[in-house]
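Chain by chain, the residues:
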Amino acid sequence: MSSTAQPDGAAGEWPERIAAVRRELAEHGPPRTPDGAPDFATVSLPERDCDQVRDLLVDERAGTVVEIGLAYGASALAVGEALLRAGSRTPRHVVIDPFQYTAYDGVGWELLCSAGLDGVAELVTEPSQGFLARLADVGFAADAAFVDGSHHFHNVFVDLHFLGGIVRPGGIVLLDDVWWPSVGAAAAYFEINLGWSPVPGALAGGTTDPASGRPRTRAYRLPDPQPTPDFKEFRPFC
Ligand SMILES: C[S@@+](CC[C@H](N)C(=O)[O-])C[C@H]1O[C@@H](n2cnc3c(N)ncnc32)[C@H](O)[C@@H]1O
């Protein structure tokens, strides 16, 4: 992968090109929805939330982002736009989704490529729980992560565990669908026991659950330095 590759045209126009692909996707949906694949509106992060994710990553000046869950590419395009707007000379986006070609017929990756992001992003088609373990093992470091893959408690817990070793101290982890108990419970462990702190004001104005008012997506800042708590100080988190 060449992280300095640029698509045709001036570099300054590149984020606009990504924004245009995002707008087309939000307004007209994906170019195709494979038989049996989840419907676009159900599975994708809404456009307004994608904008907030982009803006937060730009504010953080993120240069390397790990993302779990590609689907039709809505959030991945927003992350890609953020990486370009944040101004890193070596933007890098690791996107993990084992079902991109089986369930989504490669549509999300095609859209990233059509936005010129194939020189920035790399797609990993295996479950995040195994891949992140290897990524952590080789010492890969990221500024931020966006997590929207498997929503089973044990998988989210494992994702967050390994991201705690991959995202640099002081970096951020954004987690979608925290309003689901399975996802929210996994996040609560890291918040209550490991000092991951909600980023004040981050993603304000994003989608909330109409009944409870709870936000759909939450951003956590990792402690710096990372604590190594005594197991005897474990605090129940559900
Ligand atoms: C809700 S969708 C992601 C939507 C995406 N964030 C967006 O806004 O367009 C969840 C995705 O997670 C993927 N997924 C499911 N299990 C996974 C796993 N174990 N590892 C990585 N991705 C997984 C699915 O294939 C699906 O594409």
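Up top is the structure these notes are about.
Predicted model, so just to flag it, every value in this text is computed and none were measured.

Right, let's talk about the pairing of strand E3 (residues 121-124) for a bit. Where strand E2 (residues 92-96) lies against E3, 4 bridges are found, and the strand directions are parallel. Each residue of the ladder has a partner; that of Val94, found in E3, is Glu122.

Where helix H7 (residues 153-166) meets helix H8 (residues 181-194), the axes come as close as 8 Å, and the angle between the chain directions of the two elements is 35°. Classified by chirality, the crossing of H8 by H7 is right-handed. Contact residues: H7 offers Phe153, Val156, Phe157, Leu160 and His161, while H8 offers Ser182, Val183, Ala185, Ala186, Ala187, Tyr189 and Phe190. Looking at the contact of H7 with H8 residue by residue, the classes come out as 10 nonpolar, 2 polar and no charged.

This part takes up the packing of aromatic side chains. Under the defined criterion, the tally for this structure stands at 12 aromatic pairs. Here Tyr189 and Phe190 contribute two aromatic rings whose centre-to-centre distance is 5.1 Å and whose plane-to-plane angle is 90°, an arrangement assigned as edge-to-face. Each member of the pair, Tyr189 as well as Phe190, carries the same accessibility label: buried.

A few words on the site of the ligand. Neighbouring the ligand are 22 residues, the closest being Leu45, Ser75, Asp97, Ser128 and Asp148. Leu45 places a main-chain nitrogen or oxygen 2.8 Å from an oxygen atom of the ligand. One nitrogen or oxygen atom from the main chain of Ala74 is found 3.2 Å from an oxygen atom belonging to the ligand. The fraction of the free accessible surface of the ligand (600 Å²) that becomes covered by protein chains is 91%. Every element with two or more residues in the shell around the ligand is listed here: helix H4 (74-86) and helix H6 (128-137). Split by residue class, the shell around the ligand holds 12 nonpolar, 8 polar and 2 charged.

The next thing to look at is the pattern of salt bridges. Scanning the model with the defined rule gives 16 salt bridges in all. The residue Glu81 makes a salt bridge to Arg22 at a minimum N-O spacing of 2.8 Å. Of the two residues, Glu81 is situated in helix H4 and Arg22 in helix H1 (residues 14-28); the sequence distance between them amounts to 59 residues. Residue Glu81 shares its accessibility class with Arg22, and that shared class is buried. For Arg54, the salt bridge is made with Glu81, and the minimal N-O distance between the two is 3.2 Å. You can see Arg54 sitting in helix H3 (residues 47-59) and its partner Glu81 sitting in helix H4, a full 27 residues away along the chain. Overall, Arg54 belongs to the buried group, its relative accessible area being 16%. Residue class for Glu81 comes out buried when judged on its relative accessible area of 1%. By sharing partners, the salt bridges in this structure join Glu16, Arg22, Asp51, Arg54, Asp55, Glu81 and Arg85 into a single network.

Rules and cut-offs
- Numbering of residues starts from 1 in each chain and follows the order in which that chain's sequence is written.
- Reporting in this predicted model follows two pLDDT cut-offs: at least 70 for local features of residues, and 80 or more for side-chain atom pairs to be given and counted; totals over whole chains, interfaces and linings ignore these cut-offs and use all residues.
- The basis for the side-chain values is all heavy atoms of the structure; hydrogens and waters are excluded.
- Pairing between strands requires that DSSP locate at least two bridges from one strand to the other.
- Per the convention used, a helix needs a DSSP run of H or I reaching at least four residues, while a strand needs a run of E reaching at least two, with both numbered from the N terminus.
- Between the N-to-C directions of two axes lies an angle of 0 to 180 degrees, each axis being a line fitted to C-alpha atoms and, for a helix, fitted only over the stretch in contact.
- By convention the crossing between two helices is left-handed if the near helix lies anticlockwise of the far one by an angle smaller than a right angle, and right-handed if it lies clockwise.
- We call two residues contacting when some pair of their heavy atoms lies within 4.5 Å.
- Residue type decides the class: Asp, Glu, Lys and Arg count as charged, Ala, Val, Leu, Ile, Met, Phe, Trp, Tyr, Cys and Pro as nonpolar, and the leftover types, Gly among them, as polar.
- Any Phe, Tyr or Trp ring, taking Trp's six-membered ring, that has another such ring centre within 6.5 Å forms a pair; planes under 30 degrees apart are called stacked, those over 60 apart edge-to-face, and the others tilted.
- When accessible area is computed with a 1.4 Å probe and restricted to protein chains, residues below 20% of their type maximum are described as buried, those above 50% as exposed, and intermediate ones as partly exposed.
- The rule for a residue being near a molecule or strand is that one of its heavy atoms must lie within 4 Å of it.
- Contacts described as polar in this section are N or O atom pairs within 3.5 Å, which, within protein, must combine one atom able to donate a hydrogen with one able to accept it, while residues neighboring in sequence count only if both atoms come from side chains.
- Reported accessibility uses the Shrake-Rupley method at a 1.4 Å probe radius. Residues are deemed covered only where the shown protein chains occlude them.
- By convention in these notes, a salt bridge is any Lys or Arg side-chain nitrogen within 4 Å of a carboxyl oxygen on Asp or Glu.

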